[in-house]
Amino acid sequence: MTNLLKAIYTIWLREILRFVKSKSRLVGSIAQPFIWLAIVGVGLNAAFKMTNNISYLSFMAIGIMGMTILFNSLFAGINVIWDRQFGFLKEILVAPISRIGIVLGKIFGSTTISVIMALIVLIIVLLFGIISIKSITFLGIITAIIFMILTSVTFVGMGLIIATNVDNIEGFQVLMNFLVMPLFFLSGALFPITSSTPEWLQIVSKIDPLFYAIDGIRGSLTKISVYPVQFDLLIVFIVAVVLVLIADIMFRKIEGK
Amino acid sequence: MVNKANPKNKIYAIEVNNLIKNFGNLTAVNNISFSVNEGEIYGLLGPNGAGKTTTILILTTMLSLTSGNVRIFDKDIINKNIIRQMIGIVFQDPTLDEDLTAFENLDFHARLYNIKVNKKQIINNVLKLVELEDKADKQVKSFSGGMKRRLEIARSFMHEPKILFLDEPTIGLDPQTRRKIWDYIKKLNEKQKITIILTTHYLEEADELCNRVSIIDHGKIIKTGTPKELKSSFGGDIILINIEKKQEFKKILLNSAFIKSIKQTKTGLEIIVNKDGTKLIPKIVELAAKSKININSIALKQHTLEDVFISLTGKNIRDSTPDASEKMKLKFGGRR
């Protein structure tokens, strides 16, 4: 058990170290959500009027937290491909540490980064008064953080699954674009999915795990959600566990070729 | 260095029996068996795609085997974590994190192998051995190919493995760096008593380093022995003498014990001897002087492993075409 924890810690540490060292990634992951908020958010805020008496900006601010987690988490897969192309994965695979330790280390490493990024977005959103601090409870923040962690675990897992099956950066990026767009747009991050949304769109949205994540965060922070927060939490939890298990199975199949 | 006592019930550092590895319907390793003694430097010599790397990857738990049995210090390689703790490896292609510094790379390795006591000192010691101590805090990105290779060798024995696997340790390096790496390998073997198994397609490397060599081609071992045995099994050294009185001198020489055969050529004699030719030249000169026969010139031709290789495989080691495992590599592009 202590060996497993050590393995997780070692891999986690390297993920963090690499992120801190990569200035471009650091700047990119902080800048991206603000460009969305400042341009798309402010622009559409002026054009739309929400039905339920909240501003569009405060609605989509939470969607942008979800987006931050989605992008940062899936990115973890690129690291695996990188490590594979530069051979470093072999150094890890030939070491006497458990495979699940490697998988969990990678997942927790990227999850730490994603959640910190999402929290930075939350802090800015609160500072600018886009969401009023008064309306937020302590329990709400804790629940939101739990959602962020589970969502991140889900998508890091997804990134790892793709990375273990694709062995070049180009292929990975094509797949990512193919996945990221629908995951993001169907999640209710940018527009509400309500009963007035065309039915087919409602149905596909509900296959998107990010939908429940964002709905849950919204419910925890602003108390406006499609489903009860507990239900969202259950769905997000199950999806996260399933994806971690699949990622673990896939990772065991990697051989040192 | 090689323990020759007690050959029965002996525990080998590596024992491979009837190892087979198929990739689909390609056979990369075709029923090979060999054993490596503790403390030995053992070479797998063969052209690209002969199955050397595949064998190494199986022995280091990185690839599953199709059939056969592999034991490392009497432990079956199924016990992956036990084996992994016992071995160190330098892969054919670099496996460093180029964004990290040399020290950070070694520190990561120390964590992976659970080295805690004197970690800093161990890192400094291994860096010193490969003469990189002043580069500890430089990013690996800025290193030359030779420096990276040296760093990887330093890393591979940090956790005091019992066996070190070196897959083409000097491929693509300049001659000076190659010499240096040979020195490190010898030092590790002699001072730290590490058993070393290396693959190479440089014959001079096998000749210089290895106690024993297996020549491997198309996934099969075609011959095993010490470099000396392999060379002499091919025939002794050849001494070429340029001389006028061929017949006369031939008669004199035939009475000497060291002669295997003598052939008359246009300009003189071609003598195949059964001993080290360098030591026989003075004797031959002496014999000629005694009989007042004048030698115009004398030359020694020693066999190299290259000759052995050509005679065994019918081809030069460098112009062999890739086969099974090489094609797999190209197909999947898994390796740079």
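Computed from a predicted structure; not experimentally measured.

Cut-offs and rules
- Residues numbered from 1 in each chain as written.
- Chains lettered and ligands numbered in written order.
- Predicted model: local features only at pLDDT ≥ 70, side-chain atom pairs only at ≥ 80, totals over all residues.
- Helix = DSSP H or I, 4+ residues; strand = E, 2+ residues; numbered from the N terminus.
- Buried ≥ 20, exposed ≤ 12 C-beta atoms within 10 Å, placed from the backbone.
- Contact = placed C-beta atoms within 7 Å.
- Pairing = 2+ DSSP bridges.
- Axes fitted to C-alpha atoms, helices over the stretch in contact; angles between N-to-C directions.
- Nonpolar A, V, L, I, M, F, W, Y, C, P; charged D, E, K, R; others polar.
- Core = buried A, V, L, I, M, F, W, Y, C linked by C-beta atoms within 7 Å.
- Domains from an automatic or database assignment.

## Quick notes on the overall build of chain B
Logical step 1: The helix and strand inventory of chain B stands at twelve helices and 14 strands.
Logical step 2: For chain B, the spread of C-alpha atoms along the principal axes amounts to about 75 × 50 × 45 Å.
Logical step 3: Within chain B, the proportion of its 336 residues that are buried is 40%.
Logical step 4: Long-range pairs, those at least 24 residues apart, make up 70% of the contacts in chain B between residues at least 6 apart in sequence.

## With respect to the pairing of strand 13 (residues 268-273) of chain B
All names here are of chain B.
Logical step 1: One ladder, built from five bridges, connects strand 11 (residues 238-243) with strand 13; its direction is antiparallel. Paired with Ile 238 across the strands is Ile 272, a residue of strand 13.
Logical step 2: Hairpin connection from strand 12 (residues 259-264) to strand 13: three residues lie between these consecutive antiparallel strands.

## Observations regarding the sheet that holds strand 12 of chain B
All names here are of chain B.
Logical step 1: An order of 12-13-11-14 is seen for the four strands of this open sheet, with the pairing classed as antiparallel. Edge positions in the open sheet fall to strand 12 and strand 14 (295-301), since each of these has one partner strand only. Direction aside, the axes of adjacent strands within the sheet are offset by 20° on average.
Logical step 2: Across the face of the sheet, helix 9 (residues 246-254) comes into contact with strand 11, strand 12 and strand 13 while running at roughly 170° to strand 12.
Logical step 3: Of the strands in this sheet, strand 11, strand 13 and strand 14 touch helix 10 (residues 277-290), which is tilted by about 165° from strand 14.

## Remarks on the sheet that holds strand 2 (residues 26-36) of chain B
All names here are of chain B.
Logical step 1: Here four strands make up an open sheet; going across it, the order is 2-1-4-5 and the pairing antiparallel. Among the strands making up the open sheet, the edge pair consists of strand 2 and strand 5 (75-76).
Logical step 2: Bridge count between strand 1 (residues 14-23) and strand 4 (residues 67-72): five bridges; the pairing is antiparallel. Across the sheet, residue Ile 20 finds its bridge partner in strand 4, namely Ser 67.

## With respect to the interface of chain B and chain A
Logical step 1: Counting residues at the interface gives 27 residues for chain B and 20 residues for chain A.
Logical step 2: Counting residues per element, the ones that place at least two in the side of chain B that touches chain A are helix 2 (80-86) and helix 3 (102-112) of chain B.
Logical step 3: The class makeup of the residues in the side of chain B that touches chain A is eleven nonpolar, nine polar and seven charged.

## Observations regarding the nonpolar core
In summary, soluble globular proteins display a tendency toward joint burial of nonpolar side chains.
Logical step 1: Residues Ala 61 of chain A together with Ile 163, Phe 165 and Ile 196 of chain B are the most contacted members of the largest nonpolar core, which totals 140 residues.
Logical step 2: Counting residues per element, this core draws most heavily on helix 3 (residues 56-85) of chain A, which supplies 16 residues.
Logical step 3: For Phe 165 of chain B, the contacting residues outside a window of four places in its chain are Ile 56, Leu 59, Thr 60, Ile 87, Ile 89 and Ile 197 of chain B.
Logical step 4: In this structure, Ile 241, Leu 253, Leu 269 and Val 273 of chain B belong to the second largest nonpolar core, which totals nine residues.

## A few points about the domain arrangement of chain B
Logical step 1: The domains assigned to chain B are domain 1 (14-231 + 309-332) and domain 2 (236-302).
Logical step 2: Its C-alpha centre places domain 1 of chain B at a distance of 43 Å from the equivalent point of domain 2 of chain B.

## Here we look at the environment of Gly 66 of chain A
Residues and elements named next belong to chain A.
Logical step 1: As for its placement among the helices and strands, Gly 66 is situated in helix 3.
Logical step 2: Taking the number of C-beta atoms within 10 Å as the measure of exposure, Gly 66 has 28 and is therefore buried.
Logical step 3: Gly 66 sits 35 residues away from Ala 31 along the chain, and the two C-alpha atoms are 15 Å apart.
Logical step 4: Not counting chain neighbours up to four residues away, the residues in contact with Gly 66 comprise Thr 151, Ser 187, Ala 189, Leu 210, Ala 213, Ile 214 and Ile 217.

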